[in-house]
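# Structural features, examined
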Amino acid sequence: MNKFNHVLALNPYFGDSTALIGLFPPTGLEYISASMKGLVDKVTLLDLRHERSFQDPKELSKFIRNEIDLLCVSIRWESRFEDVCDFLSQLPPEVCTIVGGYKATEEVEYLFNRCPNIDMIVRGEGEEIIKQIVTDVPYKDIRGLSYRENGGVVHNETHPLPDLAHIPYPDRSLRKQDYRLVKYGLQLSSHTFDTVLTTRGCPFKCKFCTFSLNPLGQKRTYAERPIESVIEELKTVTADVVLFSDDNFFTNPKRSEQLCDLIIENKINKIFVVQARIDIAKHRKVLDKAQKAGFKVFLIGIESPHDRILEQLQKGITQQQVREAFEVLTRYDVYLHGYFIYGNIGETEEEMLYIPKFAKEIKLDSISFQKLRVERFSPLKEVVEETPGYYYTRIGGSVYSDRFGRKELKQIRNRIRSAFYDLPQVIRMIRKARRIGLASSRDLADVLFKLPLILVGLGRRKLRKRRRSSWK
Ligand code: B12
Ligand code: SF4
């Protein structure tokens, strides 16, 4: 007989968000659910983005009281963290509640104080840990677990990172819906979306990045899943577009090439989206195969056009190398998106405003740009603390300076955006998206038709945001 009968795996996020966030499934929670399979009688996965009635904590509590004997919640993001805490605190305290996820791991003490109904927190990657919790392993013997005992909290030692060859891939059978591009309740594309993780960790050491640091401050060693298991998983994926959410899909070009070969051989017809470094441009054979295998969108971390800043960020690339790489990449029929960071230490206004110009020079189709951020374990934290005139107001928040405060950086952001996204660029993006099959003519006509409603939604969101900030 199993220790638990009916487990609820809960993605507690819903409400105001960007369309991109609604696009992807709660991968971590699906990994956890897959690991519990066979060890509990039943798992129900609720993604609150798609469960309107359960967005009311009273309704959800009724369901939990009637059905559930273990509640597993994933807390992953900085954004909406307090809302999630408020929501969780309204759920039945008598049902055993475990939380896990990147943000939960960062905020263990805070969460135990803030949400009295949380019984346990799983720190770090949770596949092995959850298996021990739902079987009869005594809590004191489960590494990676923090739990309440005699009015206090016990933190067990850290769990070793799981071996990727031995963990099952996400359990998609628990989904009640497909994932689509939806904004203000309006569907913007006919495509369905999914994510697949083929590796964890990244061997590079960019100073601003915590992607490859787990929230315990340990560098996540780069680890690969067996490619056969990736192909087996891909065969079960029904979505049209798949994001390989590896930090850098091409870390091991030989393996990437093999994966492309197997995708072609197995006739897996999808649009693949990958995160990459410019280094991939050196591997033409891999690029040729990737194009053939359906890799159509490359999300590339460039961070800055300035060598001084690239060096400061320890990105390991130079402006000239970026230019050379894009000369190669633009020969392929792929959509190229670049990530940039502005507001770097010592960066002048002029330097920040060069981002859109540079992005056009190297022929990027689209860009996103973020303020420099400080995370608890990012190596950049110390640099900011030691640099006079620079500061951050909270962990996970942006870096400001005496010269560039919130207001100044917001103005610069708007100028970067309008300089890049002019009409010719928007037309170029649409044409490219159509040509490579990312969006059909019907999708585009549909978006145009829905444009007035999207603008109304945007206006409402801005109003809500303004009201919220005037209450604070
Ligand atoms: C892919 C990705 C995305 C995708 C989302 C894909 C998806 N499926 O959700 C997209 C592109 C949409 C995205 C967006 C953003 N992302 Co992102 N993203 C990632 C990335 C690279 C991988 C996520 C993933 O799939 N991990 C694999 C799964 C298996 O890991 P996991 O979710 O952590 O789950 C494991 C454990 O945490 C734990 N666990 C999780 N839940 C639970 C629950 C229980 C009960 C238990 C026991 C265990 C457990 O076990 C799981 C299995 O090991 C991570 C970095 C990373 N390496 O994790 C950043 C990361 C999660 N993103 C981050 C950020 C900041 C963002 C953005 C805010 C960026 C931006 N400014 O726009 C946005 C918006 C997010 C939001 N909601 O507001 C940060 C979060 C930091 C923080 N504390 O807030 C991360 C950690 C990157 C970083 N270091 O900066 N992201
Ligand atoms: S920015 Fe990219 S390449 Fe650099 S450490 Fe992070 S994931 Fe790795």
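First things first, this report covers the structure right here in the doc.

### Points about the overall build of the protein chain
Along its length, the protein chain carries 17 helices and 18 strands. Relative to its length of 472 residues, the protein chain is compact, with a C-alpha radius of gyration of 23 Å against a globular reference of 23 Å. For the protein chain, the spread of C-alpha atoms along the three principal axes comes to 65 × 55 × 45 Å. Taken over 472 residues, the protein chain has a buried fraction of 52%. Considering only intrachain contacts with a sequence separation of at least 6, the fraction spanning at least 24 residues in the protein chain is 74%. Carbon and sulfur atoms make up 53% of the accessible area of the protein chain, which totals about 22,700 Å².

### Section: the site of ligand 2
Taken together, the residues surrounding ligand 2 are Cys 202, Phe 204, Cys 206, Phe 208, Cys 209, Phe 211, Asp 247, Arg 277 and Lys 315. Looking at side-chain class alone, the shell around ligand 2 contains six nonpolar, no polar and three charged residues.

### Brief notes about the pairing of strand 3 (residues 70-74)
Along strand 3, five of the five residues are buried, which leaves the element largely enclosed by surrounding structure. What you see with strand 3 is no split at all: Leu 70, Cys 72 and Ser 74 on one side and Leu 71 and Val 73 on the other are buried throughout. Pairing geometry for strand 1 (residues 6-11) and strand 3, over four bridges, is parallel. Its bridge partner lying in strand 3, Leu 8 is registered against Leu 71. Here strand 3 runs beside strand 4 (residues 96-100); their pairing, made up of five bridges, is parallel.

### Observations regarding the pattern of salt bridges
Tallied over the entire structure, the rule returns 40 salt bridges. When the shortest N-O distance is used, the salt bridge between Arg 200 and Glu 127 registers 2.8 Å. You can see Arg 200 sitting in strand 10 (residues 199-200) and its partner Glu 127 sitting in helix 7 (residues 127-134), a full 73 residues away along the chain. The pair Arg 200 / Glu 127 is uniform in exposure class, with both members buried. Asp 422 is the salt-bridge partner of Lys 360, the closest N and O atoms lying 2.7 Å from each other. Of the two residues, Lys 360 is situated in helix 13 (residues 349-361) and Asp 422 in the loop between helix 15 (406-420) and helix 16 (423-435); the sequence distance between them amounts to 62 residues. For Lys 360, a relative accessible area of 28% puts it in the partly exposed group. Asp 422 sits in the partly exposed class, given a relative accessible area of 27%.

### A look at the side chain of Glu 303
In this structure, Glu 303 sits in strand 14 (residues 295-303). In this structure Glu 303 touches Phe 208, Leu 313, Lys 315, Tyr 339, Phe 340 and Ile 341, once residues within four positions along its chain are discounted.

### Concerning the side chain of Ser 401
Mapped onto the secondary structure, Ser 401 falls in strand 18 (residues 399-401). Here Phe 404 takes part through its backbone nitrogen, which lies 2.8 Å from a polar atom of the side chain of Ser 401.

### Thoughts on the site of ligand 1
The environment of ligand 1 is formed by 36 residues, the closest being Ser 74, Glu 78, Glu 127, Thr 210 and Gln 370. Between ligand 1 and the protein, one listed contact pairs an oxygen atom with a side-chain N or O atom of Arg 200 at 3.4 Å. No other element matches the five residues that helix 2 (residues 27-36) contributes to the shell around ligand 1. Class assignment for the residues of the shell around ligand 1 results in 14 nonpolar, twelve polar and ten charged.

### Observations regarding the pairing of strand 7 (residues 152-155)
Every regular strand shows the same layout, with side chains that alternate between the two sheet faces. The pairing of strand 6 (residues 145-149) with strand 7 spans four bridges and is classified as antiparallel. The residue bridging Arg 148 from the neighbouring strand is Val 153, located in strand 7.

### Things to note about the environment of Ser 74
Structurally, Ser 74 can be placed in strand 3. Taking the C-alpha atoms as reference points, Ser 74 and Ala 9, separated by 65 residues in sequence, lie 7.9 Å from one another. In this structure Ser 74 touches Leu 10, Pro 12, Tyr 13, Leu 29 and Gly 100, once residues within four positions along its chain are discounted. Here the side chain of Ser 74 touches Arg 76 through a polar contact of 3.3 Å, side chain to side chain.

### Things to note about unusual backbone geometry
Note on backbone geometry: most residues besides glycine have negative phi, and most peptide bonds are trans. Positive phi values are uncommon outside glycine, yet Arg 80 reaches one of about 65°. Structurally, the position occupied by Arg 80 is in the loop between strand 3 and helix 4 (81-89). Residue classification places Arg 80 among the partly exposed residues on the basis of a relative accessible area of 26%. Of note in this structure, Lys 267 is not a glycine but carries a positive phi near 50°.

### Side note on the nonpolar core
In this structure, Leu 234, Phe 295 and Phe 326 are the most contacted members of the largest nonpolar core, which totals 56 residues. Setting aside residues up to four positions removed in sequence, Leu 234 forms contacts with Val 196, Val 242, Phe 244, Ile 263, Ile 268, Lys 270 and Phe 272. Formed by 28 residues, the second largest nonpolar core is a distinct cluster that contains Leu 8, Leu 60, Phe 63 and Leu 111.

Conventions adopted
Think of each chain on its own: its residues are numbered from 1, step by step along the sequence as written. Each chain takes a letter, starting from A, and each ligand takes a number, starting from 1, following the order in which they are written. Local features in this predicted model are restricted to residues whose pLDDT is 70 or higher, and side-chain atom pairs enter the listing and the counts only when it is 80 or higher, whereas totals over whole chains, interfaces and linings include all residues. Only hydrogens and water are set aside; all other atoms, that is, all heavy atoms of the structure, feed into the side-chain values. A run of H or I in DSSP becomes a helix once it reaches four residues, and a run of E becomes a strand once it reaches two; helices and strands are each numbered from the N terminus. Atoms counted for the radius of gyration: C-alpha only. Globule rule: 2.2 Å times residue count to the power 0.38. Whether a residue is buried, partly exposed or exposed follows from its accessible area with a 1.4 Å probe, protein chains only, as a fraction of its type maximum: under 20%, in between, or over 50%, in that order. Pairs of residues are marked as contacts when any of their non-hydrogen atoms sit within 4.5 Å. Only the protein chains shown count as cover for residues, and the accessible areas themselves come from Shrake-Rupley with a 1.4 Å probe. The nearness test applies per residue and asks whether one of its heavy atoms lies within 4 Å of the molecule or strand. Asp, Glu, Lys and Arg are counted as charged, while Ala, Val, Leu, Ile, Met, Phe, Trp, Tyr, Cys and Pro are counted as nonpolar; the rest, among them Gly, fall into the polar class. Note: two strands are recorded as paired if DSSP finds a minimum of 2 bridges between them. The term salt bridge refers to a side-chain nitrogen of Lys or Arg lying within 4 Å of a carboxyl oxygen of Asp or Glu. Pairs of N or O atoms within 3.5 Å make up the polar contacts considered here, provided that, within protein, one atom can donate a hydrogen while the other can accept it, and that residues adjacent in sequence are counted only when both atoms are side-chain atoms. The nonpolar core is taken to be a set of buried Ala, Val, Leu, Ile, Met, Phe, Trp, Tyr and Cys residues, with the residues joined through side-chain atoms within 4.5 Å.

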